[in-house]
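Take a look at the letters that make up each chain.
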Amino acid sequence: MTSQRQIHLGLFLQGAGHHVSGWRHPDAESGSENFDLLRRLVQTAEAAKFDLAFLADGLTSSVDAHPSMIARFEPLTLLSALAMVTERIGLAATSSTTYGEPYHTARAFASIDHLSQGRAAWNIVTTSYDRTAKNFSKAHPQHDDRYAIAEEFVDVVRGLWDSWDDDAFPKDKERGLYADPAKVHVLDHEGRYFSVKGPLNIPRSPQGHPILIQAGSSGPGQDLAARTADIVFTAQQSLEEAQVFYRSLKSRVAGFGRDPATVAVMPGFMPVIGRTLAEASEKLVELDRWTDIAKAMPLLEERIGHSLGAYDLDGSLPDLPLSDQLRSRAELLTELARREKLTIRQLALRVAAGRGHHIVAGTPVDIADRMQLWFENGAADGYNVMPPFFPVGLDEFVAEVVPLLQERGLFRRDYEGPMLRDHLGLRRPAPPA
Ligand SMILES: Cc1cc2nc3c(=O)[nH]c(=O)nc-3n(C[C@H](O)[C@H](O)[C@H](O)COP(=O)(O)O)c2cc1C
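Novice: In this structure, what is going on with the overall build of the chain? I would like to understand it.
Specialist: A tally of helices and strands in the chain yields 14 helices and 11 strands. Against the globule reference of 22 Å for 433 residues, the chain gives a C-alpha radius of gyration of 22 Å, in line with a compact fold. Taking the principal axes of its C-alpha atoms as reference, the chain extends roughly 75 × 50 × 40 Å. In the form shown here, the chain has an accessible surface area of approximately 18,000 Å², with 52% of it arising from carbon and sulfur atoms. Charge centroids of the chain, computed over 46 positive and 57 negative side chains, lie 1 Å from each other.

Novice: Whenever I open this one, helix H4 (residues 102-115) confuses me. Can you help?
Specialist: Spacing of three or four residues puts side chains on the same side of an α-helix, whose turn is 3.6 residues. With 14 residues, H4 should cover 20 Å at 1.5 Å per step; its first-to-last C-alpha distance of 20 Å lies within 8% of that length. Turning to H4, its buried residues number three or more, namely Pro102, Thr105, Ala106, Phe109, Ala110, Ile112 and Asp113. When H4 is viewed along its axis, its buried side chains cluster within an angular range of 160° and face the same direction. Residue Gln117 follows H4 closely and has a positive phi angle near 55°.

Novice: Mind showing me how you'd approach the nonpolar core here?
Specialist: Ranked by internal contacts, the top residues of the largest apolar core, which has 68 residues, are Leu9, Phe50, Trp122, Trp161, Met371, Tyr383 and Phe397. Residues within four places of Phe397 in sequence aside, it is in contact with Leu9, Phe50, Pro271, Ile273, Ile367, Met371, Val385 and Val402. Grouped together as the second largest cluster of nonpolar side chains are 19 residues, Val20, Ala337, Leu342 and Ile344 included.

Novice: How should I be thinking about the packing of helix H12 (residues 364-376) against helix H13 (residues 392-407) in this particular structure?
Specialist: For any two helices packed against each other, the geometry is given by the interaxial angle and the distance between the axes. Closest axis-to-axis distance for the H12/H13 pair is 9 Å, and the angle between their directions is 50°. With respect to H13, the element H12 is oriented oblique. Like other packed secondary-structure pairs, H12 and H13 cross with a definite hand, here right-handed. Judged by residue contacts, Pro364, Val365, Ile367, Ala368 and Met371 of H12 engage Phe397, Glu400, Val401, Leu404 and Leu405 from H13. When grouped by side-chain class, the residues that make up the contact of H12 with H13 number 9 nonpolar, no polar and 1 charged.

Novice: Hey, could you run me through the site of the ligand in this one?
Specialist: If you check the shell around the ligand, you find 21 residues, and the closest are Asp57, His143, Tyr147, Ser218 and Ser328. In the model, an oxygen atom of the ligand is placed 2.9 Å from a nitrogen or oxygen of the Ala215 main chain. Ser328 is positioned such that a nitrogen or oxygen atom in its side chain is 2.5 Å from an oxygen atom of the ligand. The protein chains hide 91% of the 600 Å² of surface that the ligand would expose on its own. Within the residue set of the shell around the ligand, elements represented by two or more residues are helix H5 (143-161), strand E8 (231-234) and helix H10 (327-339). Examining the composition of the shell around the ligand, we find that 3 residues originate from one element, H10, more than from any other. Classifying every residue of the shell around the ligand gives 6 nonpolar, 12 polar and 3 charged.

Novice: Help me understand the packing of aromatic side chains in this model?
Specialist: What characterises a pair of aromatic rings is the spacing of the ring centres plus the angle enclosed by the ring planes. In this structure the tally under the stated criterion is 10 aromatic pairs. An angle of 45° between the planes, with centres 5.8 Å apart, marks the rings of Trp122 and Phe153 as tilted. Here the residue Trp122 occupies a position in strand E4 (residues 120-125), and Phe153 occupies one in helix H5, the gap between them amounting to 31 residues. A single burial state applies to Trp122 and to Phe153, both of which are buried. Clustering of aromatic rings is evident, with ring pairs tying together Phe109, Trp122, Phe153 and Phe194. If you follow Arg131 out to its NZ or CZ, it ends over the ring of Tyr129, 4.4 Å from the centre. Positioned above the aromatic ring of Tyr99, the side-chain terminus of Lys138 is 5.1 Å from the ring centre.

Reading guide: rules and limits
- Residues numbered from 1 in each chain as written.
- Predicted model: local features only at pLDDT ≥ 70, side-chain atom pairs only at ≥ 80, totals over all residues.
- Heavy atoms only, no water.
- Helix = DSSP H or I, 4+ residues; strand = E, 2+ residues; numbered from the N terminus.
- Rg over C-alpha atoms; globule rule 2.2 N^0.38 Å.
- Areas by Shrake-Rupley, 256 points an atom, 1.4 Å probe, with all protein chains shown as cover.
- Lys, Arg positive; Asp, Glu negative; His and termini not counted.
- Charge placed at Lys NZ, Arg CZ, Asp CG, Glu CD.
- Expected span 1.5 Å × (residues − 1).
- Buried < 20%, exposed > 50% of the residue type's maximum accessible area, 1.4 Å probe, protein only.
- Arc of directions from axis to C-beta.
- Core = buried A, V, L, I, M, F, W, Y, C linked by side-chain atoms within 4.5 Å.
- Contact = heavy atoms within 4.5 Å.
- Axes fitted to C-alpha atoms, helices over the stretch in contact; angles between N-to-C directions.
- Parallel < 35°, antiparallel > 145°, perpendicular 65-115°, else oblique.
- Left-handed = near helix turned anticlockwise from the far one by under 90°.
- Nonpolar A, V, L, I, M, F, W, Y, C, P; charged D, E, K, R; others polar.
- Near = heavy atom within 4 Å.
- Polar contact = N/O pair within 3.5 Å; in protein donor to acceptor, adjacent residues only side chain to side chain.
- Phe/Tyr/Trp six-rings, centres within 6.5 Å; stacked < 30°, edge-to-face > 60°.
- Lys NZ or Arg CZ within 6 Å of the ring centre and 35° of its normal.

No statement about biological role is implied by the geometric values presented.
This is the structure we're talking about:
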C-alpha cells in the first residue's frame, strides 16, 4: 500500500485492435465475436492489475467503419460474460443516453455490478452520429439538446440506483418478510424528458452506484462530467492541449462543489513499442503502409463531420463549419492539421492509426517516460491504453512498460480491494436518504 498518487490504467478493448490496419499484422489475432480472445485480453490486463477493461459502443454498422466497429458484441451482454471469467478488474461499457431508457440502463448496470461483485462502470455517451436515428424510429437531437437529455437521464439513473436501502431485503423466514416496505424509495420523477416512477426492480448494488464514466469533451460534455462522473475519457494530442483540458475539467468539478481529486481524467493512449526508437517508428510506418487511403477517408470524414471528396488529398484541410456530431473531435483534428501542417491524406492516416488519440512510438522507457510526464504535469490521472493490435500489443505493454511504472512507484503491484471503487480510491455513496 502506497500513499503516492497512482496512475490508473484502462484496457480499451476492441476485437480488431485500435490501429485500423492492426488486424493485418502477421502476429495479430482479431474477431469482435471471438470471446476466447476477448477473455484472454481482459485476463492479461487483470494479471497486470489494470483498473478496468473498457468497451466503447455504437448503434450502427457500415463496411466502411473501423474493423473493430463494423460488428461487435452488445457491450453489457459481453460484460456479464467477462464478469464470470475475471475476479478483480473493473468492467466498463458504453451506453447511450440519446437512444436508451434510464430504467433499462439503471437496471442493466446494477445487474452487472451484482454479477461482478462491485466492478461495473457505465460510460455515458450522447451518441454523435445522426445516422443512428435511422435505427431507432426517431429524430437525432441537436448536440446541446443531447446533453440536456443526458443530464436528466443520469439523474434518473442515480435516483433509481437508490431505490432500496442496502438492508431492504431481510429475507426473514420467521416473520415472512422478504422485502421490507419501510426500506424502499419511490423515485416519482417527472421531468422535461423523462417520467419514471420507480422503484428499480433490483436491490442496491455492491458499489452503491456503479462507477460513472463520461466521454465527450465539449463544454456541455465537460459540465456533465464535472457534475456526475468518476472518470473522464478524452482524446488529447499534445501535453499542452491535455493540460488545458485537465485544468478546465478540474475547475468545473470544483465549481460543482466536488473534490477534483475524486475525478480521474484518462486520455486514450496508443503505445507502439520497439527495442529501439527506430524499430518502434518502423512498426508504425509498416501499419500505416497497410492502410488503404480509400478506407481511411470515411474515418476522417465522419469525425470532421463533412465530406472531403471535393478537395485535393495532398492539399491542406479547408476551413469547414464546426460539425454538430463529434464537435470536440472535429476541433482536435482541425487543430492538429494546422499545427503540424498535415495534408488531408496525412490527417486521414493519423485518424486511421489512433482516431485522434495520443500515439507514442518508442522503447518501453520512452513510453513510460511519456506516461509519467503527462501524469506529473497536470495532464492525466491515468490512461485508456489502446494497443494497435492484439494480443501482442497488450502483452508487450504488460511485460515491458507496466514493470517500469511499478519500479517508479507510479502503478500498483496489487489490487487494494475487491471493487472498482477501491481501485479508484473512491468512497461508496451514502445510503439513500
Ligand atoms: C474519448 C471519447 C470516447 C467516446 N466513446 C464513444 C463511444 O464509445 N460511443 C459513442 O457513441 N460515443 C462516444 N463518444 C462520443 C461522445 O459521447 C459525444 O457524443 C461526442 O464526443 C460529441 O460530444 P462532444 O462534442 O462533447 O465531445 C466518445 C467521445 C470521446 C471524447
